[in-house]
Amino acid sequence: MSLRLLTRAAAATSRTPFGRCCAVQSQTRYFQQGGSIPEGAGYSGHDNTKNNTNLQILDLALTKVHEHGWSTAAVAHAATELGLSSMAHGVAPDGAISLISHFMDRALDETTIEVDDQLHEFDSTAECLRFICTTRLKQTLPYVKRWPEAAAVLAQPQNVPLAMRQLTNLSSQMWYLAGDKSTRIDWYARRSALAAVYLSTELFMCEDRSPGHQDTWRFLKDRFENMDKAETIASKTVAFGEQFSRNLYNILASRGYVSH
Amino acid sequence: MYSVARRRIGCMASAKRLQSTYAAHNPYLKDFVYKDTVRVKDGALTLSKDEHSMIDRFIRVNQAGETAAVSIYQGQMAVLGNKGDAELKSLLEHMREQEVVHLEIMDKHIADYRVRPTILQPVAAVGGYILGATSALLGVKSAMTCTEAVETRIGMHYNDQLRDLHKLKYPQLDELKQSIAKCRDEELEHLDAAVDHGSQLAPLYKLQFELIKGGCGVAIWLCERI
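Rules behind the numbers
- Residues numbered from 1 in each chain as written.
- Chains lettered and ligands numbered in written order.
- Predicted model: local features only at pLDDT ≥ 70, side-chain atom pairs only at ≥ 80, totals over all residues.
- Heavy atoms only, no water.
- Helix = DSSP H or I, 4+ residues; strand = E, 2+ residues; numbered from the N terminus.
- Contact = heavy atoms within 4.5 Å.
- Axes fitted to C-alpha atoms, helices over the stretch in contact; angles between N-to-C directions.
- Parallel < 35°, antiparallel > 145°, perpendicular 65-115°, else oblique.
- Left-handed = near helix turned anticlockwise from the far one by under 90°.
- Nonpolar A, V, L, I, M, F, W, Y, C, P; charged D, E, K, R; others polar.
- Patch = residues over 30% accessible without salt bridge, like charges linked within 9 Å, V, L, I, M, F, W, Y side chains within 5 Å.
- Areas by Shrake-Rupley, 256 points an atom, 1.4 Å probe, with all protein chains shown as cover.
- Salt bridge = Lys/Arg side-chain N within 4 Å of Asp/Glu carboxyl O.
- Buried < 20%, exposed > 50% of the residue type's maximum accessible area, 1.4 Å probe, protein only.
- Pairing = 2+ DSSP bridges.
- Arc of directions from axis to C-beta.
- Phe/Tyr/Trp six-rings, centres within 6.5 Å; stacked < 30°, edge-to-face > 60°.
- Lys NZ or Arg CZ within 6 Å of the ring centre and 35° of its normal.
- Domains from an automatic or database assignment.
- Buried area = accessible area lost by both parts, 1.4 Å probe.
- Polar contact = N/O pair within 3.5 Å; in protein donor to acceptor, adjacent residues only side chain to side chain.

Identification of chain B as Ubiquinone biosynthesis monooxygenase Coq7 from Coemansia aciculifera is taken from an unreviewed UniProt entry.

In the annotation of an unreviewed UniProt entry, the entry for chain A reads Ubiquinone biosynthesis protein coq9, mitochondrial, and the organism field reads Coemansia aciculifera.

Here it is, written out as structure tokens:
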């Protein structure tokens with residue numbers, strides 16, 4: 001039974017979207033080379049599941065999104081294609097939102113891998129960040145026709161906490177990859193700014209019909225310039241405030257109103 | 001009956017396992033196990049989500065605490081610094097400098113371990129200044145009581161952290177454990193210095209001590225979570 005499963009999985013390989021992330025392809029080769037799942041595998045002594053059939057189903061389900069949309073129907077079709085019962089749509093326990101969440105996790109992981117060897121080429125953090133943001137947006141590109149539905153599902157009240165968690169995780173990971181080392185309140189300012197930029201660009205991308213999505217990339221560039229300008233203005237305001245209070249203190253001290 | 005119950009619990013556990021679906025043995029992605037682990041220290045260490053959340057909480061509250069400590073001494077110096085007692089001023093200055101070094105250590109840990117700093121960090125800075133200035137306005141001995149109470153609570157807090165951190169056996173965590181131990185030792189030195197300078201002779205000593213120690217406890221609880 002498992003050999004049939006793997007053969008079907010191998011056949012399904014070429015259609016899965018995330019080439020380097022594809023567990024299906026690699027697991028097939030791994031098993032064919034005589035590998036077996038080590039007992040208690042996992043980092044820190046934690047066992048992360050003994051089999052990744054769930055992952056295969058969800059990955060294949062992402063390819064079904066074009067016909068069936070973000071729904072349990074896509075997951076059920078993926079399960080039947082892998083030779084499992086269509087009741088296995090339970091690997092996406094909350095239905096559409098689980099599939100969308102899986103896609104977001106996958107996309108972020110793929111972004112991390114792809115960006116890993118190219119980060120040193122950039123001069124400034126802002127350029128690096130823009131590249132990472134572009135890479136992540138390109139992960140959504142294959143699904144751009146169906147993404148508005150996903151955005152609508154994410155906006156449902158019961159899904160908002162998960163959507164917020166995913167967005168903050170994404171924002172934090174992107175800044176981390178770009179080399180952010182802030183330790184004060186600007187940690188929050190940076191992440192919320194990037195989250196706003198990313199979200200607005202993703203929504204713009206859904207409606208963009210320009211050749212090669214050049215309008216989207218220009219929109220992203222403009223948003224990044226806004227972000228930089230806002231940060232500059234904020235730091236200038238703080239510097240002005242500091243200088244102002246220092247001058248005021250000196251004036252009062254020279255008049256004898258405060259002890260110097 | 002018992003076996004039925006065990007099977008039911010087993011079913012629930014496997015349903016829970018279905019939700020976390022990434023396998024660590026994927027040869028393409030051996031180093032990437034998303035959702036369940038976090039890579040810190042520039043990839044030198046991979047922690048599970050629970051371990052990372054524990055270290056995250058510890059470092060977050062430590063940074064807030066050191067910020068508050070620096071500003072407590074600043075507040076005390078602002079009031080007591082120009083009273084003419086050079087020895088007291090140099091003592092306060094020395095303790096403040098040591099706290100600044102602690103704060104730098106904690107900032108480095110925040111960058112290393114991908115810790116979210118607490119949003120209350122500016123509040124801790126301002127609140128510490130107010131506490132230091134208020135206790136100093138009540139007198140030198142009351143200022144020493146404030147220091148003693150804060151350092152007692154911080155000593156307890158660091159010891160609790162070390163106890164929990166020693167359960168994790170990664171060698172990469174040794175630096176963190178050693179720096180927390182160093183901070184704890186210096187805080188206890190400050191405690192001894194405060195007692196030597198007459199903290200226990202302050203008026204309403206017990207009240208001040210317990211009040212400030214309780215306030216520190218509340219602040220620690222808040223900063224761990226927010």
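**Student:** So what exactly am I meant to see when it comes to the environment of B:Gly128 here?
**Tutor:** Residue and element names in this part refer to chain B. For Gly128, the position within the fold is in helix α4 (residues 121–137). The spatial distance from the C-alpha of Gly128 to the C-alpha of Ser71 is 5.1 Å, given a sequence separation of 57 residues. Sequence-distant contacts of Gly128, defined by excluding residues within four places in its chain, comprise Ala68, Ser71 and Ile72.

**Student:** Can you walk me through the packing of helix α7 (residues 125–140) of chain A against helix α9 (residues 160–177) of chain A in this structure?
**Tutor:** If you want to describe how two helices pack, look at the angle between their axes and the distance between the axes. All names here are of chain A. Contact pair α7 / α9: the axes reach a minimum separation of 9 Å and the direction vectors enclose 135°. The pairing of α7 with α9 is recorded here as oblique in orientation. Crossing angle aside, the handedness with which α7 passes α9 is right-handed. For the pair α7 and α9, the contacting residues are Thr125, Leu129, Ile132, Cys133 and Arg136 in the first and Leu170, Met174, Trp175 and Leu177 in the second. Looking at the contact of α7 with α9 residue by residue, the class counts come to seven nonpolar, one polar and one charged.

**Student:** Any chance you could explain the environment of A:Thr135 here in plain terms?
**Tutor:** Residues and elements named next belong to chain A. Tracing the backbone shows Thr135 in helix α7. Separated by 20 residues in sequence, Thr135 and Val115 place their C-alpha atoms 7.6 Å apart. Ignoring any residue separated from it by four or fewer positions in sequence, one finds Thr135 in contact with Thr111, Glu114 and Val115.

**Student:** Explain a nonpolar patch on the surface here, please?
**Tutor:** A cluster of nonpolar side chains, namely A:Ile185, B:Ile119, B:Val218, B:Trp221, B:Leu222 and B:Ile226, defines an oily patch on the protein surface of about 530 Å² accessible area. Secondary-structure assignment places A:Ile185 in the loop between α9 and α10 (186–207).

**Student:** Any chance you could explain the pairing of strand β2 (residues 45–48) of chain B here in plain terms?
**Tutor:** The two faces of the sheet receive side chains in turn, since in a regular strand these alternate between them. Residues and elements named next belong to chain B. On β2, burial covers both faces: Leu45 and Leu47 on one face and Thr46 and Ser48 on the other are all buried. Sheet topology places strand β1 (residues 37–40) next to β2; four bridges connect them, and they run antiparallel. Note that in β2 the partner of Val40 across the bridge is Leu45. Where β1 folds back on β2, the antiparallel hairpin that results is connected by four residues, among which Lys41 adopts a positive phi of roughly 50°.

**Student:** Would you mind showing me how to read helix α8 (residues 147–154) of chain A here?
**Tutor:** Structurally, the α-helix is built with 3.6 residues per turn, so residues lying three or four positions apart point the same way. Residues and elements named next belong to chain A. Those residues of α8 not exposed but buried are Trp147, Ala150, Val153 and Leu154. The buried residues of α8 occupy an angular sector of 115° when the element is viewed end-on, so they sit on one face. On its buried side, α8 packs onto α6 (96–115), α7, α9 and α10.

**Student:** Where do I start with the packing of α6(A) against α8(A) in this structure?
**Tutor:** All names here are of chain A. Close contact between α6 and α8 brings their axes to 10 Å; oriented N to C, the two are set at 110°. One element, α6, and the other, α8, form an angle in the roughly perpendicular class. Seen from above, α6 lies across α8 with left-handed handedness. Across from Ala96, Ile97, Ile100, Phe103 and Met104 in α6, the residues of α8 making contact are Trp147, Ala150, Val153 and Leu154. For the contact of α6 with α8, the residue count by class is nine nonpolar, no polar and no charged.

**Student:** Would you take a moment to explain the packing of aromatic side chains for this structure?
**Tutor:** When we look at a pair of aromatic rings, we describe it by the centre distance and by the angle of the planes. All names here are of chain A. If you walk through the whole model with that rule in mind, you get 10 aromatic pairs over all chains. Through successive ring pairs, a cluster of aromatic residues spans Trp70, Phe103, Tyr143 and Trp147. Positioned above the aromatic ring of Trp217 is the side chain of Lys138, whose terminal nitrogen or guanidinium carbon lies 5.5 Å from the ring centre. The ring of Trp187 carries the charged tip of Arg191 above its face, separated from the ring centre by 4.1 Å.

**Student:** In this structure, what is going on with the domain arrangement of chain A? I would like to understand it.
**Tutor:** Interface size, as often reported, equals the accessible area lost upon joining of the parts. Residues and elements named next belong to chain A. Each assigned domain of chain A is listed with its residue range as follows: domain 1 (3–91) and domain 2 (118–254). Listed per partner, the contact involves nine residues of domain 1 and seven residues of domain 2. Counting the surface lost from both domain 1 and domain 2, the interface buries some 700 Å², and carbon and sulfur atoms represent 60% of this. Viewed at the interface, domain 2 and domain 1 are joined by zero salt bridges. Applying the counting criterion to the domain 1 and domain 2 interface returns four residue pairs in polar contact (both at pLDDT 80 or more). Sorting elements by how many residues they give to the side of domain 1 that touches domain 2 places helix α4 (residues 65–68) first, with four residues. For the side of domain 1 that touches domain 2, the per-class residue count stands at five nonpolar, three polar and one charged.

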